[in-house]
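Structural features, examined
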Amino acid sequence: AVVSTQSTGTTEKDKTTLQTKIRLMDGELDKAYEENQHMKSSNVELEYEVERSERERNSQQNELSYIEREVSMREYKYNQLEENLNETINACFVHGEENF
């Protein structure tokens, strides 16, 4: 038995069909909301991972800078020692002290 409502002219069957569609849409919205929340959570995790990677990179960059300074300082000291040695050798030759 199809009963028509007077105000809109829709049938009870139409109302039931619309209510079913609304429930399905609500379910899809709930699912989309949950997926969105999961994506937000994943984004937070990714942002944390990016920050951690940046900190690690900065730490490695600082270590590299330290090593480069250390190498530069050692090269400078080596060059000074080599220069001193050459001066000593030249001084020995100038004084005729070839047997040193």
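Remember, it's a predicted structure, so these values are computed and weren't measured experimentally.

**Let's talk about the pattern of salt bridges**
Scanning the model with the defined rule gives 2 salt bridges in all. As a salt-bridge pair, E49 and R52 come within 2.6 Å of each other at their nearest N and O atoms. Here R52 and E49 lie together in helix α1 (residues 12-94), a separation of 3 residues that amounts to about one turn. Classification of E49 by relative accessible area gives partly exposed; the value is 35%. Relative accessible area serves as the criterion here: at 35%, R52 is assigned to the partly exposed category. For R74, the salt bridge identified is with E70, shortest N-O distance 3.2 Å. Taken together, the residues R74 and E70, both in helix α1 and 4 residues apart, mark about one turn of the helix.

Criteria and thresholds
- Residues numbered from 1 in each chain as written.
- Predicted model: local features only at pLDDT ≥ 70, side-chain atom pairs only at ≥ 80, totals over all residues.
- Heavy atoms only, no water.
- Salt bridge = Lys/Arg side-chain N within 4 Å of Asp/Glu carboxyl O.
- Helix = DSSP H or I, 4+ residues; strand = E, 2+ residues; numbered from the N terminus.
- Buried < 20%, exposed > 50% of the residue type's maximum accessible area, 1.4 Å probe, protein only.

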